[in-house]
Amino acid sequence: GAGVSQTPSNKVTEKGKYVELRCDPISGHTALYWYRQSLGQGPEFLIYFQGTGAADDSGLPNDRFFAVRPEGSVSTLKIQRTERGDSAVYLCASSLVFGDTQYFGPGTRLTVL
Amino acid sequence: QQQVKQSPQSLIVQKGGIPIINCAYENTAFDYFPWYQQFPGKGPALLIAIRPDVSEKKEGRFTISFNKSAKQFSLHIMDSQPGDSATYFCAASGPGGSYIPTFGRGTSLIVHP
């Protein structure tokens, strides 16, 4: 079926605002990953889910960042009190099981003014 | 701490040339080394991957060379085409660092017609 989709494709917000970024993984994929990609850098791991639970959130930079996957499919990355340094492309990936090939979505470009 | 170092940062070749991108890693527990290709506005896509039990892997025009003792691996693109123009990322993962890949900073490749 369809690949990983992410919405919105672009998000512009003001410093201090709250944002939500959505990821729809490939149907049937149990593992879902969030990465952040800054300009000129490779993707940097944030968090991954196995089913509904966050199995590893060691990459979240601070407690302003939070992610959920309540039904084991769609995931939402939530950023509170956004800062200009949060500006980046946020990538989502999914895999059939953890450790398997990851398929990336096109990303959400977040700009914090 | 940058666990995967990638060079060069950018590369320009003529059509038919053989661009070579190099990566070096530090964590000897890594045991899976994928290369990703990323076009503008898209997420990274797995191109080719290698495990340390072989020194070379070839898929079509793409070849990975792997030197376990030097902790280095490289991507060669044979008979490069303008459509190969993209950013290439090496990565490393494995039991020592979990199965979450650590990415290099990327190489921007331009292939002139």
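Quick summary incoming for the structure in this document. Residue positions are counted from 1 within each chain, in the order its sequence is given. As they are written, the chains are lettered A onward and the ligands numbered 1 onward, keeping that order. Per-residue local features are limited, in this predicted model, to residues with pLDDT of at least 70; the limit for side-chain atom pairs, both in listing and counting, is 80 or more; totals at the level of whole chains, interfaces and linings are taken over all residues. Derived side-chain values reflect all non-hydrogen atoms in the structure, with water molecules and hydrogen atoms excluded from consideration.

1. A few points about the overall build of chain B
Note the threshold: Counting from the N terminus, the helices are the DSSP runs of H or I reaching at least four residues and the strands are the DSSP runs of E reaching at least two. What the globule rule says is 2.2 Å times the number of residues to the power 0.38, and the radius of gyration is computed from C-alpha atoms. We call a residue buried when its accessible area falls under 20% of the maximum for its residue type, exposed when it is over 50%, and partly exposed in between, using a 1.4 Å probe and counting protein chains only. Here, residues are in contact when the closest pair of their heavy atoms is within 4.5 Å. Calculation of accessible area relied on Shrake-Rupley with a 1.4 Å probe; when residues are assessed, cover is drawn exclusively from the protein chains displayed. The positive count covers Lys and Arg only, the negative count covers Asp and Glu only, and His and the chain ends enter neither. Each charge is placed at NZ for Lys, CZ for Arg, CG for Asp and CD for Glu.
Counting secondary structure elements, chain B contains zero helices and 12 strands. Taken from the N to the C terminus, the helices and strands of chain B come in the order β-β-β-β-β-β-β-β-β-β-β-β. Its C-alpha radius of gyration of 13 Å places chain B within 12% of the 13 Å reference for a compact globule of 113 residues. With the principal axes as the frame, chain B shows a C-alpha extent of 40 × 30 × 20 Å. The buried share of chain B, reckoned over its 113 residues, is 43%. Here the contacts in chain B between residues at least 6 apart in sequence split such that 54% fall between residues at least 24 apart. Element-wise, carbon and sulfur atoms account for 50% of the exposed surface of chain B, whose accessible area totals about 5400 Å². Taking the 10 positively charged and 7 negatively charged side chains of chain B as two groups, their mean positions are separated by 4 Å.

2. Notes on the interface of chain A and chain B
The test is simple: Throughout, buried area stands for the accessible area (probe radius 1.4 Å) lost by two parts on being put together, summed over both. Whenever Lys or Arg places a side-chain nitrogen within 4 Å of a carboxyl oxygen from Asp or Glu, that contact is recorded as a salt bridge. When residue character is reported, Ala, Val, Leu, Ile, Met, Phe, Trp, Tyr, Cys and Pro are called nonpolar, Asp, Glu, Lys and Arg charged, and the others, Gly included, polar.
Taken together, the contacts link 17 residues of chain A with 14 residues of chain B. Considering only the surface of chain A that becomes buried against chain B, P43(A), F98(A) and F104(A) emerge as the three largest contributors, covering 31% of it. Across the chain A-chain B interface, the total number found is zero salt bridges. Where the side of chain A that touches chain B is concerned, the elements lending two or more residues are β4 (31-37) and β5 (44-50) of chain A. In the side of chain A that touches chain B, the residues fall into nine nonpolar, eight polar and no charged.

3. Looking at the side chain of S75(A)
Residue and element names in this part refer to chain A. As a reminder of what qualifies: Identification of polar contacts relies on pairs of N or O atoms within 3.5 Å, with a donor-acceptor requirement for protein atoms, meaning one able to donate a hydrogen and the other able to accept it, and with residues adjacent in sequence counted only if both atoms are side-chain atoms.
Along the chain, the position of S75 falls in strand β8 (residues 75-79). On the accessibility criterion, S75 (0% relative accessible area) is buried. Separated by 2.9 Å, the side chain of S75 and the backbone oxygen of V68 make a polar contact. When neighbours within four sequence positions are excluded, S75 is seen to be in contact with L21, R22, C23, L32, W34, F49, V68 and R69.

4. A look at the packing of aromatic side chains
Counted only if it meets this: Any Phe, Tyr or Trp ring, taking Trp's six-membered ring, that has another such ring centre within 6.5 Å forms a pair; planes under 30 degrees apart are called stacked, those over 60 apart edge-to-face, and the others tilted.
For the structure shown, the criterion picks out 18 aromatic pairs over all chains. With a centroid separation of 6.3 Å and 75 degrees between ring planes, the pair formed by F104(A) and F103(B) is classed as edge-to-face. Remark: F103(B) occurs in strand β11 (residues 102-103) and F104(A) occurs in strand β10 (residues 103-104); the pair is interchain, linking two chains. Given the relative accessible area of 11%, F104(A) is considered buried. Within the aromatic cluster, the residues linked to one another by ring pairs are Y35(A), F45(A), F104(A), Y36(B), F89(B) and F103(B).

5. A look at the environment of R109(A)
With respect to the secondary-structure elements, R109(A) resides in strand β11 (residues 108-112). Note: C-alpha distance between R109(A) and L91(A) (18 residues apart in sequence) is 8.8 Å.

6. Observations regarding the sheet that holds β8(A)
All names here are of chain A. Filter applied, for reference: At least two DSSP bridges between two strands are needed for those strands to be called paired. Simply put, an axis is a line fit to the C-alpha atoms, just over the touching stretch for a helix, and the angle between two N-to-C directions goes from 0 to 180 degrees.
Strand order in the open sheet formed by four strands is β1-β3-β8-β7, and the pairing between neighbours is antiparallel. At either margin of the open sheet sits one strand with a lone partner, and together these are β1 (5-7) and β7 (65-68). The sheet shows a mean angle of 15 degrees between the axes of neighbouring strands, taken without regard to direction. Sheet topology places β7 next to β8; four bridges connect them, and they run antiparallel.

7. Notes on the pattern of salt bridges
Tallying each qualifying case throughout the model produces six salt bridges over all chains. A salt bridge links E83(A) to R64(A); the nearest nitrogen and oxygen atoms lie 3.5 Å apart. Taken together, the residues E83(A) in the loop between β8 and β9 (88-95) and R64(A) in the loop between β6 (53-56) and β7 connect sequence positions 19 residues apart. In this structure, E59(B) engages K57(B) in a salt bridge whose closest nitrogen and oxygen atoms are separated by 3.6 Å. Each of R64(A), E83(A) and D86(A) takes part in one network of salt bridges that share partners.

8. Topic: the layout of surface pockets
Using the following cut-off: Here the term cavity refers to a set of points on a 1 Å grid, laid over the protein atoms alone, in which a 1.4 Å probe fits but cannot get out; the term pocket refers to an open set having protein on both sides within 12 Å along at least five of seven lines, with lining residues being those that place an atom within 4 Å of a point. Grid points are joined across faces, edges and corners, and a volume is the space filled by probe spheres set on the points.
The computed volume of the largest pocket comes to approximately 590 Å³. Together, 31 residues line the largest pocket, and Q37(A), L39(A), V89(A), R109(A) and Q38(B) are the ones closest to its centre. When contributions to the lining of the largest pocket are tallied by element, the ones reaching two or more residues are β9 and β11 of chain A together with β9 (86-92) and β12 (107-112) of chain B. Counting residues per element, the lining of the largest pocket draws most heavily on β11(A), at four residues. Residue composition of the lining of the largest pocket, grouped by class: 11 nonpolar, 17 polar and three charged.

9. Quick look at the sheet that holds strand β7 (residues 62-67) of chain B
Residues and elements named next belong to chain B. Reading across the sheet, the five strands line up as β1-β3-β8-β7-β6 and stay open at both edges, with antiparallel pairing between neighbours. On the outer flanks of this sheet lie β1 (4-7) and β6 (56-59), each paired with one strand and no other. On average, adjacent strands in this sheet sit at an angle of 15 degrees to one another, irrespective of strand direction. Pairing analysis gives five bridges linking strand β3 (residues 20-25) to strand β8 (residues 72-77), with the strands arranged antiparallel. Within β8, the position partnered with N22 by the bridge is S74.

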